[in-house]
Amino acid sequence: MAEVFDLSRIKYVKRIVVGQKDPQVLYTEEDAAKDMELLNKCLNDFPKGHIIGQEKNFTIFNIGEHQVVQQWIVYHIGFDKKPVWMHD
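1. Observations regarding the overall build of the chain
Secondary structure assignment for the chain yields 1 helix and 3 strands. Each helix (α) and strand (β) of the chain, taken in turn from the N terminus, gives the series β-α-β-β. Here the C-alpha atoms of the chain give a radius of gyration of 16 Å, more than 25% beyond the 12 Å that 2.2 N^0.38 yields for 88 residues. By principal-axis analysis of the C-alpha atoms, the chain measures approximately 55 × 25 × 20 Å. Of all 88 residues assigned to the chain, the portion counted as buried reaches 27%. Relative to all contacts within the chain whose residues are 6 or more apart in sequence, the contacts with residues 24 or more apart total 60%. Of the accessible surface of the chain, which amounts to about 6,700 Å², a share of 55% is contributed by carbon and sulfur atoms. Treating the 11 positive side-chain charges of the chain as one cloud and the 13 negative ones as another, the clouds have centres 8 Å apart.

In structure tokens, the structure reads:
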């Protein structure tokens, strides 16, 4: 039987932003791959993290006659303890 996840055990929360978050900095495919790699490591490596929250954000910019939409999502990953491999 699967173990029940209890939010009261959370002692450390990592905030991971995926997507274009700064209009002044170009968000490349390499940046996206790096962010997704960190997210997957948090969810699969020891100690295993759990998604405890999400923020979905967007901003609309007018550049000349064009509208540009920037989107990003923030994952809040909860851990029982801070992973040794995580460096802030």
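Here the narrative resumes.
2. Looking at the packing of aromatic side chains
Tallied over the entire structure, the rule returns 1 aromatic pair. Measuring from ring centre to ring centre gives 6.2 Å for Tyr12 and Phe79, while their planes differ by 40 degrees; the resulting arrangement is tilted. Of this pair, Tyr12 sits in strand β1 (residues 12–19) while Phe79 sits in strand β3 (residues 66–79), placing them 67 residues apart in sequence.

3. A look at the environment of Gly19
Mapped onto the fold, Gly19 is located in strand β1. Taking the C-alpha atoms as reference, Gly19 lies 10 Å from Ala33; in sequence the two are 14 residues apart. With residues near it in sequence (within four places) discarded, Gly19 still touches Tyr27, Asp35, Gln71 and Trp72.

4. Things to note about the sheet that holds β3
Paired through backbone hydrogen bonds, the strands of a sheet run either parallel or antiparallel to each other. The strand order β1-β3-β2 describes an open sheet built from 3 strands, whose pairing is antiparallel. Each edge of the open sheet carries a strand with a single partner, namely β1 and β2 (50–63). For this sheet, the mean angle separating the axes of adjacent strands, direction not counted, is 20 degrees. The sheet contact formed by β1 and β3 spans 8 bridges and is antiparallel. Within β3, the residue paired with Ile16 across the bridge is Tyr75. Of the strands in this sheet, β1, β2 and β3 touch helix α1 (residues 29–44), which is tilted by about 150 degrees from β1.

About the criteria used
- Residues numbered from 1 in each chain as written.
- Predicted model: local features only at pLDDT ≥ 70, side-chain atom pairs only at ≥ 80, totals over all residues.
- Heavy atoms only, no water.
- Helix = DSSP H or I, 4+ residues; strand = E, 2+ residues; numbered from the N terminus.
- Rg over C-alpha atoms; globule rule 2.2 N^0.38 Å.
- Buried < 20%, exposed > 50% of the residue type's maximum accessible area, 1.4 Å probe, protein only.
- Contact = heavy atoms within 4.5 Å.
- Areas by Shrake-Rupley, 256 points an atom, 1.4 Å probe, with all protein chains shown as cover.
- Lys, Arg positive; Asp, Glu negative; His and termini not counted.
- Charge placed at Lys NZ, Arg CZ, Asp CG, Glu CD.
- Phe/Tyr/Trp six-rings, centres within 6.5 Å; stacked < 30°, edge-to-face > 60°.
- Pairing = 2+ DSSP bridges.
- Axes fitted to C-alpha atoms, helices over the stretch in contact; angles between N-to-C directions.

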